[in-house]
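Here is how the chains run, residue by residue.
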Amino acid sequence: MLRTFIQTFAINKELQHLSLQTHITGSRMLREIRYLALSLLYFVIFLCAFSAAAQTSVPGQILVSLKPGADISLLAQQLSLAESMPCTVGKRVAIHLNIWLLMIPPDVQSGKSALKWLRNQAQVGSAQYNHILQLRNTATLLDVLPDDPLFAQQWHLNNTAHPDADLDAPDAWNFSTGGVTPAGDTIVIAVIDGGIDQTHADLQANLWKNWAEIPGDGLDNDQNGFVDDYRGWNVATQNDYIQGQTTGHGTPVAGIIGAKANNTTGTAGINWNTKMMFVSAAGTEDNILAAYDYVLNARKLYNASNGTQGAFVVAINNSFGQNFGQPADAPLWCAAFDLLGEAGIISIAATANLAVNVDLVGDLPTGCPSSYLVSVTSLNSNNEKASDAAWGPLSIDIASYGKEIFTTASGSYYGSFSGTSFAAPQVAGAVGLLYAAPCPNLISVAKINPGEAAKRIRELLLLTSVPTPSLFMLTQNGGRLNLNKFLQTYQTFCITCVSPFGLAANTTGIAGTATLSWYQLSNYQTVNLRWRVLGSASWSIVENVPMPFVLNELQPCTTYEFALQATCSTTETTDWSASTVFVSSGCCSKPGNVVIADVSMEAAVVHWNAVPTAIGYRVRMRPDMNNWQIFETTDPVFTAANLSACTTYEVQVQTRCATGGDTPFTDAVLFTTKGCGSCLEANYCTAELPSSLDEWISAVKINDWTNSTLLAGPGYQNFALNADIPLLTLQPNKVLPTVITPGFAGSAVKQYYRIYIDFNADGDFGDAGELAFNPGFAHDGPMSGNLTTPAFMAVGMTRMRVIMKFKGNTNTTLPGACESFQFGQIEDYCVLLDPTSASSALLSPLDLRIFPQPATDEITLSWNTPDPPAQSAVSVFDAGGKLIFNHAYTANPTFITFSVSGWPAGVYVLNVQTDSGYFTRKLVVL
């Protein structure tokens, strides 16, 4: 996404500034980018980064975070064998993040080999050196230069032509190269943009993954509210297709923040090892707010779970906006920065690429008044404000470099980019670098008060900005970002001996015990514990406790509190930490983790976590908001039988307690029984498209059936449950004239067209005859042809998929039923297979009104013709083709009403046969 008018679909604000060494042709410049040859200049780096890393890390010590289920002892054995070096397990550093310390030989090559091997293991989340937690502000430091062959072209990091016009990155890298906090948290920087080249060799290693999610299984495994968000999130497609709509802008933005450094490949990011959470969103404010919601959800989960869920997102990059936008017109957007900030996420935003004072003319989001927002303008390589960059002494906080910034480009290339879009990610990258510095000040605040940590970062950015004459009276304090000054100032005020933080108590183990944990910093010599029943006058004190520590003989269902104190040396002892409160086990609580399994047409099994003090459980169920049915059980499982097919049920569970009282019921869990037909029930393959704002399917006409969508919509649209669309009925061995009409936002371009229909209702489009419409060539106007139905025998509703795919100059492959592509549109429909239906004409749906939709008690049919038919027969079938209702009417009625009370909720097929033809429509019953 770019700094541009956010209402427009063209998200590339800096296209006129991008010097991508590309050649862009025609109106399709976002998709037809072709890169000219890039000259790669290789340099011999006389000082490798590992030698510097050895100065700031403990020789022979590697920190490793493991994924769930991994065995640290087995990993150490495998490393010993694979790299022919002794490796032993040192200690467990952080329980909640599963971080361990490995001991290896202290020589340089062993460290390199071990890190390289560990980072390639599937069970390893990340691996790094164990940095020394000591101040180095008085030491003489050498520049830390990565071995990336194109680093010399990254003048913004190290400007040899104008030494004072850069970020002083090599000096800053003495303090930090990013990756993990002193407490072991994996640092994540969120990037919201149009899309990213996720296969780029310099980005793959640093792209965030949601390891708690199983990719592609169609389930929300980590129960964070997002299904299959393994690689991040795409707001338009509602999945993790982060490649998005266009990669030309998001790829360099991400590369500036975190291109993998010191990997003998390409360029270096400000952070060598950080993780970047990419969210694909573009075009309108609602998409941006939805993207914020995903990022905020991840950090709030992390905060609430003490690091066992979500992600430790510390900053979010916003290289997009609305020129001349007024904050008063965007209260939700501006308020979002406060919500993000309170959770600990500082927002970095690029201002306009216009020579204007945004204090006077307005800009979004950089004009938003938030204590958690940093607004950024752009400098060139001479420390002069870029001529086309906006300013504002009230709105713009700081400047960084945004003119001809060399970094990653889409297509696994590299190039130079210009605009404020590429200055902002330098500031976002600085935030990640700060959190990884070997000083626990920031992370200790973030664990207790994440919003305060975000505010302190903003204050430090402004405090340490370097005064720059070209910015005088143009930004808040006329300064530019300098990474070295930013980190060195932080280190100068470092308190190495901080009170223990991240306190937590786990009471799910043995009854009467609580396992206490905290973040164990390497300079803690001893940790003391004090604990008591909440409200008691005196504390119990235990000295020199290990982490974790188990408290025994606790009273059941009692509220306790505990605090910790650390000793770092003979002269340094911290204050007692803030108390953490917990309730011991033994309470009669509501059942947890209610799960529905083994769902069939007539039954389902309900599971939940057992409550040790329960004498039984009460389960209540109801179909579609009807009356509750109550069941009793003594086991934490219940099998519900005699259910209705294709019906949604609501389930709640209550614990019956030995004390005689009962807990409240759990929140409702919903499930739908089988029997809804293959169209709604089968697990059809997904087809990923970012959006259809450039081109879309305007209308589909098959014989007498038509559906029109005159305006652009999502790249994939599912009309299966849309009761307002007439239902297409298909008979075997028919040849039906078909027309697919495209719509275009700009000039017409050639498209491929296909229609697939699951004629045997088996949940796929791969059987013979299921490619029902296939012209075989591309056309820039309406595509006409015939749709042919085979000799099918299936009865009921099945799925039809209509595909329009942009051809382009190089796309010569006709679309497959399950293909993901970038431009065009895919629409899914339910159609009725009826091998026995009459051959009479399909009448206009406008002649018959059906209400209400959806229905709960009764359905009314109203004729909109001057002369209602003298005879009519009304039939209703369920989704599987079973006849539910059938009645003939001969009294020439204007209205026909029949009851649906007691029908299972779901989608039905209504067929009305008259002497002049027939109507087929969907009915939705709740």
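Residues numbered from 1 in each chain as written. Predicted model: local features only at pLDDT ≥ 70, side-chain atom pairs only at ≥ 80, totals over all residues. Heavy atoms only, no water.

Caption draft 1: Helix 10 (residues 441-448), seen in detail. For helix 10, the buried fraction is high: six of the eight residues fall into the buried class. Along helix 10, the residues classified as buried are N441, L442, I443, S444, V445 and A446. The inward-facing, buried residues of helix 10 contact helix 6 (285-304), strand 10 (312-318), helix 9 (424-435), helix 11 (450-463) and helix 12 (483-492). (Buried < 20%, exposed > 50% of the residue type's maximum accessible area, 1.4 Å probe, protein only. Helix = DSSP H or I, 4+ residues; strand = E, 2+ residues; numbered from the N terminus. Contact = heavy atoms within 4.5 Å.)

Caption draft 2: Focus on the packing of aromatic side chains. Going through the model one piece at a time under the given rule, you end up with 28 aromatic pairs. Between Y649 and F671 the ring centres are 5.6 Å apart and the planes differ by 15 degrees, which places this aromatic pair in the stacked class. One end of the pair, Y649, is in strand 32 (residues 648-657); the other, F671, is in strand 33 (residues 669-672), with 22 residues separating them in the sequence. Residue classification places Y649 among the buried positions, given a relative accessible area of 4%. Ring geometry for F898 and W903: centres 6.3 Å apart, planes at 35 degrees, overall tilted. The exposure class of F898 is buried, given its relative accessible area of 5%. (Phe/Tyr/Trp six-rings, centres within 6.5 Å; stacked < 30°, edge-to-face > 60°.)

Caption draft 3: Region of the structure containing the packing of helix 9 against helix 12. Relative to each other, helix 9 and helix 12 sit at 30 degrees, their axes nearing to 10 Å. Judged on the interaxial angle alone, helix 12 and helix 9 are roughly parallel. When you trace helix 9 past helix 12, the crossing you get is right-handed. Here A430, V431, L433 and L434 of helix 9 come into contact with helix 12, specifically with L483, F486, L487 and Y490. Here the contact of helix 9 with helix 12 is composed, by residue class, of eight nonpolar, no polar and no charged. (Axes fitted to C-alpha atoms, helices over the stretch in contact; angles between N-to-C directions. Parallel < 35°, antiparallel > 145°, perpendicular 65-115°, else oblique. Left-handed = near helix turned anticlockwise from the far one by under 90°. Nonpolar A, V, L, I, M, F, W, Y, C, P; charged D, E, K, R; others polar.)

Caption draft 4: Quick peek at the pairing of strand 32. With eight of its ten residues buried, strand 32 lies for the most part within the structure. Note: strand 29 (residues 614-623) against strand 32, nine bridges, orientation antiparallel. When the sheet's bridge partners are listed, M621 is paired in strand 32 with V651. Summarising the sheet, strand 32 and strand 33 pair through four bridges and their orientation is antiparallel. When the bridges of strand 33 are listed, Y649 appears paired with F671. (Pairing = 2+ DSSP bridges.)

Caption draft 5: View of the sheet that holds strand 27 (residues 595-597). On the basis of which strands lie adjacent, the open sheet formed by three strands has the order 27-28-31 and antiparallel pairing. Sheet topology places strand 27 and strand 31 (637-640) at the edges, where each strand pairs with a single neighbour. Looking at each pair of strands side by side, their axes are set apart by 25 degrees on average, direction ignored. Sheet topology places strand 27 next to strand 28 (residues 604-607); three bridges connect them, and they run antiparallel. From the neighbouring strand, A597 faces strand 28, where its bridge partner is V605.

Caption draft 6: Looking closely at the environment of G367. One can find G367 in the loop between strand 13 (363-364) and strand 14 (373-379). Owing to a relative accessible area of 25%, G367 belongs among the partly exposed residues under this scheme. Taking the C-alpha atoms as reference points, G367 and L394, 27 residues apart in sequence, are found 8.5 Å from one another. Other than its neighbours up to four places away in sequence, G367 contacts P327 and S395.

Caption draft 7: Highlighting the state of the cysteines. Using the criterion set out here, one finds seven disulfides in the structure. Through a disulfide, C497 is tied to C568; the S-S separation comes to 2.0 Å. One quick way to see it: the torsion about the S-S bond of C497 and C568 is about 90 degrees, and its sign makes the bridge right-handed. Of the two residues, C497 is situated in the loop between helix 12 and strand 20 (504-506) and C568 in the loop between strand 25 (559-567) and strand 26 (580-583); the sequence distance between them amounts to 71 residues. The two residues C497 and C568 agree in class, both being buried. Two residues, C679 and C830, share a disulfide whose sulfurs are 1.9 Å apart. Measuring the twist about the S-S bond at about -95 degrees, one finds the C679-C830 disulfide to be left-handed. Here C830 lies in strand 43 (residues 824-833) and C679 lies in helix 13 (residues 678-681), a separation of 151 residues in the sequence. Here C679 falls in the buried class, since its relative accessible area comes to 0%. (Disulfide = S-S within 2.5 Å.)

Caption draft 8: Fine view of the pattern of salt bridges. Tallying each qualifying case throughout the model produces 13 salt bridges. A salt bridge links E561 to R532; the shortest N-O distance between them is 2.8 Å. Of this pair, E561 sits in strand 25 while R532 sits in strand 22 (residues 526-533), placing them 29 residues apart in sequence. As far as the burial class goes, E561 and R532 line up, both buried. Because the salt bridges share partners, they merge into one network encompassing R618, E632, R656 and D662. (Salt bridge = Lys/Arg side-chain N within 4 Å of Asp/Glu carboxyl O.)

Caption draft 9: Molecular detail of the sheet that holds strand 35 (residues 705-708). Taken together, four strands build an open sheet; the order of strands is 35-34-38-41 and the sheet is antiparallel. Sheet topology places strand 35 and strand 41 (783-788) at the edges, where each strand pairs with a single neighbour. Ignoring strand direction, the axes of neighbouring strands in this sheet form an average angle of 25 degrees. By the bridge criterion, four bridges tie strand 34 (residues 695-702) to strand 35 in an arrangement that is antiparallel. Along strand 35, the bridge assignment pairs A699 with S708.

Caption draft 10: Layout of the nonpolar core. Ranked by internal contacts, the top residues of the largest apolar core, which has 100 residues, are W173, Y435, I457, L483, L516, W518 and L529. No other element matches helix 9, which puts eight residues into this core. Apart from residues no more than four positions distant in its own chain, L483 is found in contact with L167, A169, A172, I270, A430 and L433. (Core = buried A, V, L, I, M, F, W, Y, C linked by side-chain atoms within 4.5 Å.)

Caption draft 11: Local environment of the confidence of the model for the chain. Mean pLDDT over the chain: 84, with 89% of residues reaching 70 or higher. Counting contacts from residues 1-56, a segment whose pLDDT is below 50, to residues more than four positions away or on other chains yields 171 contacts. (pLDDT = per-residue confidence, 0-100.)

Caption draft 12: Molecular detail of the side chain of T513. Tracing the sequence through the fold places T513 in the loop between strand 20 and strand 21 (514-517). Side-chain polar atoms of T513 contact the backbone oxygen of I510, separated by 2.6 Å. If near-sequence neighbours (up to four positions away) are discounted, T513 is found in contact with N506, T507, V550, L551, N552 and L554. (Polar contact = N/O pair within 3.5 Å; in protein donor to acceptor, adjacent residues only side chain to side chain.)

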